[in-house]
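# Secondary and tertiary structure notes
One letter stands for each residue in the lines below.
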Amino acid sequence: MFIETKDLTKNFGGLVAVKSVDFSIEEGKINAIIGPNGAGKSTFFNLVSGSYTPSSGKVIFKGKDITNLPSHKIANLGVARTFQTTNLFEQATVLDNVIVGHRLRTESNLLDAILRTKRYKREEKKCRDKAMEVLDFVGLTGITDKLAGSITQEEKKRVAFALALATEPEVVFLDEPAAGINPGETDGLADLMRKMVKKGITVCLIEHKMQMIMKLADKIMVLNYGEKIAEGTSEEIMNNEAVIEAYLGGDASA
Ligand SMILES: Nc1ncnc2c1ncn2[C@@H]1O[C@H](COP(=O)(O)OP(=O)(O)OP(=O)(O)O)[C@@H](O)[C@H]1O
């Protein structure tokens, strides 16, 4: 089993945002979490990636209980995530943004940086090479020297992917990767997710764009009021009565 949640629950005061969710994220697949607004999707992501501590229940990653590990330790195990909005340093280049993101995981310290030790220089080159490699992977080789403040929304989404990929993750959690971009660009990002899977990276995403999810995801979990109401393939989800009632029957384009 790759990633499993067992009876995962998060309460905020009297509100149960995630309620007893058992789910398994399949290795080498595109896993999706859908559900109406406020269903608990982001909270579930935050629990699995260690940003929130669960009220009860467990998160198991490759047989290891990671429930109470801080998020940086979880990241070190090979779990990366993106956020609904990526805050880039707008006055820095795309390349520098990715280098800085990557440096957060390297070993040299401030003293190394001040003294510009051999280790620092070696790591600086390593980070630069890695940044160029991931920017190439996400299709941004042409804009590495542009200021992050001047790039399009879709390019920002790709930079967010590059930042996650620079940490050499085994699994990436993508929070609404296609929000705010047009259908053509959405297809492009879907292709990029497939490419990530081909490279051996497991993908887990939250997305409101139903058409995209139904074409893209190998496995879907549906949350409603914090509870898992269904899981399965696109076809199973589309034909599931509880889902139709809770979600698709309402505003399917939400
Ligand atoms: N830090 C918090 N403190 C209190 N309540 C919270 C907190 N984070 C989320 N909630 C509440 O928990 C519930 C689930 O929210 P969550 O953001 O996980 O849903 P979501 O499915 O990601 O929604 P959306 O699709 O709108 O992003 C909501 O009722 C929300 O108001």
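Since we're looking at a predicted model, the values are computed, not measured. (Residues numbered from 1 in each chain as written. Predicted model: local features only at pLDDT ≥ 70, side-chain atom pairs only at ≥ 80, totals over all residues.)

## Focus on the site of the ligand
Within the structure, the ligand sits among Phe12, Leu15, Ala17, Gly35, Asn37, Gly38, Ala39, Gly40, Lys41, Ser42 and Thr43. Secondary-structure elements contributing two or more residues to the shell around the ligand are β2 (15-25) and α1 (41-48). For the shell around the ligand, the leading source of residues is α1, giving three residues. Classifying every residue of the shell around the ligand by side-chain character gives four nonpolar, six polar and one charged. (Near = placed C-beta within 6 Å. Helix = DSSP H or I, 4+ residues; strand = E, 2+ residues; numbered from the N terminus. Nonpolar A, V, L, I, M, F, W, Y, C, P; charged D, E, K, R; others polar.)

## Quick notes on the sheet that holds strand β5 (residues 64-65)
Ordered in space as β2-β1-β4-β5, the four strands form an open sheet in which the pairing is antiparallel. Strands at the two margins of the open sheet, each flanked by one partner only, are β2 and β5. Pairing of strand β4 (residues 56-61) with β5, which is carried by two bridges, proceeds in the antiparallel orientation. In the sheet register, Phe61 faces β5, and the bridge partner there is Lys64. (Pairing = 2+ DSSP bridges.)

## What to know about the nonpolar core
Counting 65 residues, the largest nonpolar core has Val98, Leu135, Val159, Ala162, Val172, Val203 and Val222 as its most contacted members. The two domains that each donate at least three residues to this core are domain 1 (1-78 + 169-254) and domain 2 (87-168). With residues near it in sequence (within four places) discarded, Val172 still touches Ala80, Arg81, Ala164, Met196, Ile201 and Val203. (Core = buried A, V, L, I, M, F, W, Y, C linked by C-beta atoms within 7 Å. Buried ≥ 20, exposed ≤ 12 C-beta atoms within 10 Å, placed from the backbone. Domains from an automatic or database assignment. Contact = placed C-beta atoms within 7 Å.)

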